[in-house]
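Structure at a glance
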Amino acid sequence: MKIKKILIANRGEIAIRVMKSAGKMKIRTVAIRTAAESGAMYLSFADEIFDNSEDVSDIPVFLDIDKLISIALKTGSDAVHPGYGFLSENAYFAQKCFDNKIIFIGPSPDAIYKMGNKTIARRLALKIGIPMAMGSAGNISDVEEALATASKIGYPVIIKAASGGGGRGMRIVRKEEEMERMFSTASKEAEKAFNDPSVFIEKYIENPKHIEFQILGDTKGNIIHLGERECSIQRKHQKLLEEAPSCALDPELRRVMGNMAVQIASAVNYHSAGTVEFLLDSDKNFYFMEMNTRIQVEHPVTEAITGIDLIEQQIRIAEGEQLSMKQEDIKLKGWAIECRINAEDVQAGFAPAPGKIENLSMPADSYVRVDTGIEPGSIILASFDSMIAKLIITGKDRKEAIKNCKMALDKVWIKGTKTTLPFFRMLVRNQKFQDGTFTTAFIEKDIEKCYLNSEYEEMLAAWLATKLFVEENLQEDSINVDFENGKEMSPWLLNKRINQF
Amino acid sequence: MDLSGKSYRTFIERQEALKKQFSEKQAEKQHSKGKLTAHERISLVFDSGSFEEIDAFVTPADQPVEFGKVDRTYGDGVIVGHGKVNGRLVFAYAQDFTIMGGSLGVVHAKKIAKIQEMALKMGSPIIGLMDSGGARIQEGVASLSGYATIFQNIIHSSGIIPQISVVMGPAAGGAVYSPALTDFVFMTSHTSYMFVTGPNVVKEVLNEEVTSEQLGGAEIHARKSGVAHMIYDDEENTILALKKFLSYLPSNNVENPPMVIDDGATPDINEKLRDIIPDDPNKAYDVKDVINLIIDKNSFFETSELFAGNIVTGFGRLKGKTIGIVANQPKVLAGVLDIDSSTKGARFIRFCDAFNIPILTLADVPGFLPGIDQEHAGIIRHGAKMLFAYSEATVPKITVILRKAYGGAFIVMNSKNLGGDFSFAWPTAEIAVMGPDGAVAILYRKELAESKNPAELKKELVKKYRDKIANPFIADECGYIDEVIDPAVTRKKIVSAFNALSNKWVKVPARKHGNMPL
Amino acid sequence: MNENLKIKKLYALSSENRKFSFSVPLKNKIRIGRRDYVVQLKSDEKYGTYILWKNRKYPVEIVRSRQNKYEILFNDISYTFTVETPFSLQRMKVINSTKGVNEQESLKAPMPGKIIDVLVREGSSVLRGEPVVILEAMKMQNEIQSPVNGKVIKVSTKAGCNVMKDDVLIVIKVE
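For clarity, every value in this text was computed on a predicted model and none was experimentally measured.

1. Some details on the domain arrangement of chain A
- The domain architecture assigned to chain A consists of domain 1 (5–105), domain 2 (134–203), domain 3 (334–453) and domain 4 (456–501).
- Using only C-alpha atoms to locate each centre, domain 2 of chain A and domain 4 of chain A end up separated by 65 Å.

2. Concerning the interface of chain B and chain C
- In this complex, chain B contributes 26 residues to the contact, which on the side of chain C involves 21 residues.
- Counting residues per element, the ones that place at least two in the side of chain B that touches chain C are α3 (38–45) and α10 (235–246) of chain B.
- At four residues, the largest contribution of residues to the side of chain B that touches chain C is made by α3(B).
- Here the side of chain B that touches chain C is built from residues that sort into nine nonpolar, eight polar and nine charged.

3. Digging into the interface of chain C and chain A
- Between chain C and chain A, the contact holds 32 residues from the first and 24 residues from the second.
- Among the secondary structure elements, those contributing two or more residues to the side of chain C that touches chain A are β1 (9–14), β2 (19–23), β4 (35–44), β5 (48–53), β6 (56–66), β7 (69–74) and β8 (77–84) of chain C.
- In the side of chain C that touches chain A, the residues fall into 24 nonpolar, six polar and two charged.

4. Let's talk about helix α9 (residues 218–225) of chain B
All names here are of chain B.
- All buried positions along α9 are accounted for by A218, H221 and A222. The buried residues of α9 all sit within an arc of 95° when viewed along its axis, so they share a single face.
- Buried residues in α9 make contact with β7 (184–188), β8 (193–195), α8 (212–216) and β9 (230–232).
- Once α9 finishes, G226 follows within two positions and takes phi at roughly 75°, a positive value.

5. Here we look at the nonpolar core
- With 143 residues, the main nonpolar core has A92(B), I401(B) and A405(B) as its most contacted residues.
- Not counting residues within four places of it along the chain, the set of residues in contact with I401(B) comprises A363(B), A425(B), W426(B), A429(B), I431(B), P472(B) and I481(B).
- If you look at the next biggest cluster of nonpolar residues, it comprises 94 residues, including I8(A), A273(A), V276(A) and I311(A).

6. Focus: the packing of helix α6 (residues 143–153) of chain A against helix α7 (residues 179–194) of chain A
Residues and elements named next belong to chain A.
- The interhelical angle for the contact between α6 and α7, taken along N-to-C directions, is 120°, at an axis separation of 10 Å. Judged on the interaxial angle alone, α7 and α6 are oblique. The handedness of the crossing between α6 and α7 is right-handed. Residue-level contacts link V143, A146, L147 and A150 of α6 to M179, E180 and F183 of α7.
- Taken together, the residues of the contact of α6 with α7 sort by class into six nonpolar, no polar and one charged.

7. Notes on the domain arrangement of chain C
- Domain assignment breaks chain C into domain 1 (2–99) and domain 2 (104–174).
- Taking only C-alpha atoms, the centre of domain 1 of chain C and the centre of domain 2 of chain C are 31 Å apart.

8. Regarding the sheet that holds strand β8 (residues 199–203) of chain A
Residues and elements named next belong to chain A.
- Strand order in this open sheet of three strands is β7-β6-β8, and the pairing throughout is antiparallel. Each edge of the open sheet is held by one strand with a lone partner, namely β7 (171–173) and β8. Taken over all neighbouring pairs, the strand axes of this sheet differ in orientation by 25° on average, direction set aside.
- Alignment of strand β6 (residues 157–161) against β8, held across five bridges, turns out to be antiparallel.

9. Section: the confidence of the model for chain C
- For chain C, mean pLDDT is 82; residues scoring 70 or higher make up 93% of the total.
- Both confidence scores are given for the complex: pTM 0.80, ipTM 0.75.

10. Here's the deal with the packing of helix α12 (residues 339–354) of chain B against helix α14 (residues 379–392) of chain B
All names here are of chain B.
- Two numbers describe how α12 lies on α14: the axes approach to 8 Å, and their chain directions differ by 20°. The angle between α12 and α14 falls in the class roughly parallel. α12 and α14 meet at a crossing whose hand is left-handed. The residues of α14 that touch α12, namely those facing I339, S342, T343, G345, A346, I349, R350 and D353, are I379, H382, G383, K385, M386, A389, Y390 and E392.
- Looking at side-chain class alone, the contact of α12 with α14 contains seven nonpolar, five polar and four charged residues.

The rules behind the values
- Residues numbered from 1 in each chain as written.
- Chains lettered and ligands numbered in written order.
- Predicted model: local features only at pLDDT ≥ 70, side-chain atom pairs only at ≥ 80, totals over all residues.
- Domains from an automatic or database assignment.
- Contact = placed C-beta atoms within 7 Å.
- Helix = DSSP H or I, 4+ residues; strand = E, 2+ residues; numbered from the N terminus.
- Nonpolar A, V, L, I, M, F, W, Y, C, P; charged D, E, K, R; others polar.
- Buried ≥ 20, exposed ≤ 12 C-beta atoms within 10 Å, placed from the backbone.
- Arc of directions from axis to C-beta.
- Core = buried A, V, L, I, M, F, W, Y, C linked by C-beta atoms within 7 Å.
- Axes fitted to C-alpha atoms, helices over the stretch in contact; angles between N-to-C directions.
- Parallel < 35°, antiparallel > 145°, perpendicular 65-115°, else oblique.
- Left-handed = near helix turned anticlockwise from the far one by under 90°.
- Pairing = 2+ DSSP bridges.
- pLDDT = per-residue confidence, 0-100.

So this is what it looks like as structure tokens:
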């Protein structure tokens, strides 16, 4: 069935991204105007706008399943694209769409549910024989069980939320004494974030690389992978920079891991785009972590090296089309790096720095793709994510990509808030990053300062401070006061004043 | 010229003796404490080569000293004279701590009194650079009478010429009233302090250990007591700031404040002003952001910055002309009026009024601070000072209501019927007898009590109240404000309003003076 | 005497105690090695204020300036400097040496209310005037600012807490 109109159940950069591909396929799109961002940039890319700005309820509309379904029905949309975050991995939402005869552009509710529950996912992976970090058989119900499991698999261990993601409800336990405290905080955090306190325990792999495979499957049972992405540059499990391919993989390892990724996806009859995440230790042993059943923030790096439009593929698959390519057609060409430029203060431990973007200028070179939902005047809200833009930089190999990245970063200019740019400027100059020997512990262990601290730049800033001081205080003509002028006044006023005193 | 004649010889000898008196060693001693010498301070204040010293050769009173001894030095520990500051005549005295601890003897006091009288006669500002151990004990009651003369002179000159004190060392006992009586007090951190009774007395009487710095350091006076208006980390910065500060003030109460040539760098229409007030009426913002966008770029000079931060006072320029600014600061204590902010505001307004400096008021005030301590400490009496000061002031007065203006606080912040000349409001203004929550609770007490869902009903009523009552449009239609303006054009509106008021004259009934509730 | 006081040199002292010296009158040149490079402060419609250095535009923003302290946002990094004259630098040394043990400043709640957010952690460096706690009182969110420059040594409140007037919120070691 051909899709005629898609409701974009998302905002910002990804909403625009989906609308661009839909537009290319001559499909109409509907965007939702919210009270929080009534003039946002993504609205101008839509064919239709549904105005929800009168709604001032505390839950954002993008999380309100009933509201979204009713908007889809009202606007006559025959499909919904959830983007990432919000309801993109909500099986209930996918089911609701199905119940209302709306196409959910993504996998089946069943696949979302199974992969969303880490305990079920682990059981599936175990069945297929995918290597996994040793861990608890299922959810851990109390501290005693946690202690017993941990002593069986050996410290350090990691506690994870069963229905989690994004680093929340995650705690590393290195010693037995820490277990009780960590277990309760992880469980509480999980309950708060995902409304589900269940957690499980895994062996903690020290200093691994984060490798993930892009999967594409159709409704006819064909599943392929589009190679890997490396996302080891993370801070507290939040990815900052991703690249494709990874310099840690050779063709053979890629084949083996890719194969495993396809198998796990097959186990849930996966269709649409998805991502299978692995950890890779220093001895090149890999461990299955989880599968994300949505389009990822970092999907453009895969697009850059495969030449495949993943959103277009998602839509085609949702329409019931068969995949037009086979595994052997997939050729990885060149290198791509994505920098997530967020409104964060790197000098204050990446604290969010919401504010108004007064102006910005992005590089326009052929080796850079910019995905953004921000334009001059846009406001970065504390309530949504702090992303300003994604820079996707390509090169014929990793070295060239890094070189291009360095040039591109110097051309970006954002006025109005602090950003993660100084972090990337440091990163591209870092030896370990250039070597490719970094792991997920890079930010915590391998760098002294998480931003570029150039001596010249500091000197220029010092010069400016001194200049301001001189202008304010030392220049003879800095206060160009005309005292004589104070004596001039109209006879009317002068007379009155003198006669008074 | 032949200078070998006898009279010339004496002249030259005296000059040399004076030079010798200020040895490198003494300067070194002062420097080692992080302080400059009196001469160095004077030369930093005045335009180079413009200072003319008088009475450099007077010596201490020639009276029998029964107790202790008095050094027979030239000048008696104080330098007095006049010179140019940024090209304008200014009088000054600087106490010299290296000579008998800068103590105030009879002659010392006479020198100060002489220069004070001169400044008043010429209608020129006077600066006191203070660094003194206090009254000279050896000279007894005579030195006390010296203080009295100095105080009397300050009071006589008050409101006629600007008088500024710069405390750069100790000022203890009676000496503190000399700065306290003047218009503005500058202090230097760590090396200056002021107190009526020093740490030793506090120890003897109350058995409490306290350092000079803790008892009366610059920091304390700037933050807690409000005695010091401006403090700086070092003497050079203190003096640089003093010079800058002087450029805002007229020489006397007949003249207008000086002008600075307007470089046109500040846009008359600035759309950034529209973004400052947050959408959420309970969120704070920094009113200084508003001030800086309205007045000439970089022209804001804040006074009493650290004291009672809930009201912002200071000088700025509008097209080169000095104005005084009084603004509620939502960022601190929600911008409420309390005892400290009322007295701070009132004193600033009275200074502006005395010296023909027009006043711009930016109002965003949720009301007076409720509470037992405030009521018992006399918020009624102190709040009245602000009312009195605003109403009494005859200089041009303009108010812009940025957001909240509720109840008594609306009246106090220079409302139109209190004699404000122009009253503007931004569309975000909420002008009413009280805030929405309070009003709803009183007017719909019964309905709320009976409602099944009081929270929902309250939310609805609050919204209705905001739409119907708490907005600037009703006041606009009744003429209680002159115009609701687009925030972006605020500067333009204010400039033209002050221009219209430049010849303002109000006849005040003849009287000795009003009776302000002090 | 006048000549001695004439300021011939200025020092910009960074918050990490790095010292940059400049001669006065200040030149639009900075010497690196044996070469002088021209540095210019410019501004235009699109970029606002920027520094032009070796043909590259660096965005700058003066975040705060108070007396001789300047906080500058330069190329997305904030730097804090105090500009000192030779005498004030010497004075700073004198005062620091006599100050002895560092003092502590306890930040108290100015009125009763609810803590909305704590913006610092133990060990954070704070500048005078920097907001450290957001307190909701009188239905308004108030920023409680640090009264001193220093390091936070104790945080005795957290978001969601109700506090009474004069409750100690944060203890800062004065630096």
